[in-house]
Amino acid sequence: MTDSVAQHAGLPHAVFLHRLAGESPSSALEPRLGRAAFVALRLVDLLGAEYTTLHPDAFHYQHVATARCCRDLPPGTTETSHLVGLVQGTHDAFEQGSVGLVLPALFAYAHYLEDEMRLEEALDVLDTLLRVGGEKLPATDAVGARLRRARVYRKLNAFDAAEQSYAEGGALAAAIGDTHSELLSRIGRGYVVTARGNLAEAEHALRGVLADAERLGDAGAQALAHQGISVVLNTAGQPSDAIPHAWRAFELYTDDVSRMRALGDLGTMLLTVGDAQSAERALGEILRRGATHEVLDNATIELMHCASFRRDRVGFERWRERCDARRESMPPNILVDYMLKAGIGRARFGQLERAERLLASALRIADEAGLHEFTFRIERIQAGLRDCDCAEPAAESALSSEAVTEVSASLAELGA
């Protein structure tokens, strides 16, 4: 578990006060939002089992102060809306003695924070939901909260905690006959195994999930399994085999967030096989349609990588500057990917010393975060950095296949 997660686990809600200390992107609004989130969640705490004898006047006093704090926020921001809804939901839950009335607001706020890559804050909200819900939490919500918490842990590279939360969610899902959530639990654990670097085990597990999802007719689980398999195959050096799976995931998804995430993976893989034009088409579609911060960050990094692949120095610097402006908010896995590809770009333009420094920094961060697959990849690149003529124009890749050609054609029709 990362140090930040361990610190968060011992100090509920204090993670929101980091915004007051300047640990988030600088903005005059951020400290006010952080303080409001802190007091709103302190109000939610009063719904917990340990406060069953709380006098209504005590709750009323804290509710009035919290509502005033949220009303003072600018009304046009998304986070303000979430906080106002959370305070109102907490008031209704206390007045009617039903904790279920605040659960939708907690789920929605956690989802927003995750999309904004405020992962430790999202984790705090999900922990709060599970704590105040306790035994009164409906089984479906208990499953959903654990699976979402597992996903946030995975993004924080807290793999042991992620596996445990996926297992808990899967066991609860099995107990209530929720086959879809069972499949999601298995897929999530496959993603964790991939992140740990055991690609053979991950591929075997995900193909097993895909077969079960097809048997059950679960299109959502099929999409996730296809996407997971594509990531495993690409990581294992089989991008031509991975691309049809990524495209199939894109076709099966019904929500825009997931479709853009699949399109981002597809763009990365198309560049790997040397089809920079199709890669840029896929990644540009993400920027045109919009996506979560995570997906947009990944797409911007890949567009930088595409530019250096084509030896477009101006394009490389333009995308690199956009990435650099976001680096302070990037979680370790995205930051390592950015520094790795920035280093490769520097090498392609003959700046080997700058490339070596970037790769060394990327390796250090990957080691600290337990990102073993990144560690292996960076070490291989470091070993051959000065032996290759990186300044030469990129050659056309021979990795393409008939299936890849079909996907490229479909992609061209998508943007037409």
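Everything below is about the structure shown above.
If you're wondering where the values come from, they're calculated on a predicted model, not measured in any experiment.

On to the packing of aromatic side chains, then. Scanning the entire structure with this criterion turns up five aromatic pairs. Each ring, one from Phe16 and one from Tyr109, has its centre 6.3 Å from the other, and the planes form 15°; the classification is stacked. Taken together, the positions of Phe16 in the loop between helix H1 (3-10) and helix H2 (29-45) and Tyr109 in helix H5 (residues 103-115) put the pair 93 residues apart, joining distant regions of the chain. For Phe16, a relative accessible area of 0% corresponds to the buried category. Here the aromatic cluster, defined as three or more aromatic residues joined through ring pairs, consists of Phe16, Tyr109 and Tyr112.

Let us now look at helix H19 (residues 372-384). The end-to-end C-alpha distance of H19, which contains 13 residues, comes to 19 Å, matching closely the 18 Å that a straight helix rising 1.5 Å per residue would cover. Buried residues of H19: Glu373, Phe374, Thr375 and Ile378, and no others. Where the residues of H19 are buried, they touch helix H9 (179-196), helix H11 (219-235), helix H17 (332-348) and helix H18 (352-369).

Considering the arrangement of structural elements, one finds Glu182 in helix H9. Separated by 99 residues in sequence, Glu182 and Arg281 have C-alpha atoms that sit 35 Å apart. With sequence-adjacent residues up to four places away left out, Glu182 is seen in contact with Gly170, Ala173 and Ala174.

Before going further, it helps to examine H2. Along an α-helix, residues three or four positions apart point the same way, because every turn accommodates 3.6 residues. For H2, with 17 residues, the first-to-last C-alpha span of 25 Å sits near the 24 Å given by 1.5 Å per residue. Every buried residue of H2 is accounted for by Leu29, Glu30, Leu33, Gly34, Ala36, Ala37, Ala40, Leu41, Leu43, Val44 and Asp45. Structurally, H2 contributes buried residues whose contacts are with helix H3 (56-71), helix H4 (78-96), H5 and helix H6 (119-133).

As a further point, take the packing of helix H13 (residues 256-272) against helix H14 (residues 276-289). Closest axis-to-axis distance for the H13/H14 pair is 7 Å, and the angle between their directions is 155°. The orientation of H13 relative to H14 falls into the category roughly antiparallel. In this structure, the crossing between H13 and H14 has a hand that is left-handed. When H13 is examined against H14, the residues Arg259, Met260, Leu263, Gly264, Gly267, Leu270 and Leu271 are found in contact with a partner set consisting of Ala276, Ser278, Ala279, Ala282, Leu283, Glu285, Ile286 and Arg289.

Residue placement: Arg320 occurs in helix H16 (residues 313-324). Judged by relative accessible area, which is 17%, Arg320 ranks as buried. Within the structure, the side chain of Arg320 is placed 2.8 Å from the side chain of Glu317, a separation counted as a polar contact. Excluding residues that lie within four positions of it along the chain, Arg320 makes contacts with Met304, Tyr338 and Arg346.

Residues Leu83, Leu86, Leu106, Tyr109, Leu266, Tyr338 and Ile378 are the most contacted members of the largest nonpolar core, which totals 129 residues. Residue contributions to this core peak at nine residues, all from H17. Setting aside anything within four residues of it in sequence, one finds Leu266 in contact with Ile243, Ala246, Trp247, Val407 and Leu411.

Another point: the side chain of Glu285. As for its position among the elements, Glu285 is in helix H14. One polar contact links Glu285 to Arg288, side chain to side chain, over a distance of 2.6 Å. Here the side chain of Glu285 touches Arg289 through a polar contact of 2.8 Å, side chain to side chain.

Here the focus is unusual backbone geometry. Although it is not a glycine, Asn157 adopts a positive phi angle of roughly 65°. Here Asn157 shows up in the loop between helix H7 (139-155) and helix H8 (159-175). Look at Asn157 and you get buried, because its relative accessible area is 8%. A positive phi angle, near 60°, is found at Arg311, a position not held by glycine. Among the secondary structure elements, Arg311 is positioned in the loop between helix H15 (293-309) and H16. The exposure class of Arg311 is partly exposed, given its relative accessible area of 22%.

Conventions used here
Residues numbered from 1 in each chain as written. Predicted model: local features only at pLDDT ≥ 70, side-chain atom pairs only at ≥ 80, totals over all residues. Heavy atoms only, no water. Phe/Tyr/Trp six-rings, centres within 6.5 Å; stacked < 30°, edge-to-face > 60°. Helix = DSSP H or I, 4+ residues; strand = E, 2+ residues; numbered from the N terminus. Buried < 20%, exposed > 50% of the residue type's maximum accessible area, 1.4 Å probe, protein only. Expected span 1.5 Å × (residues − 1). Contact = heavy atoms within 4.5 Å. Axes fitted to C-alpha atoms, helices over the stretch in contact; angles between N-to-C directions. Parallel < 35°, antiparallel > 145°, perpendicular 65-115°, else oblique. Left-handed = near helix turned anticlockwise from the far one by under 90°. Polar contact = N/O pair within 3.5 Å; in protein donor to acceptor, adjacent residues only side chain to side chain. Core = buried A, V, L, I, M, F, W, Y, C linked by side-chain atoms within 4.5 Å.

Worth remembering: the numbers are spatial, not functional.
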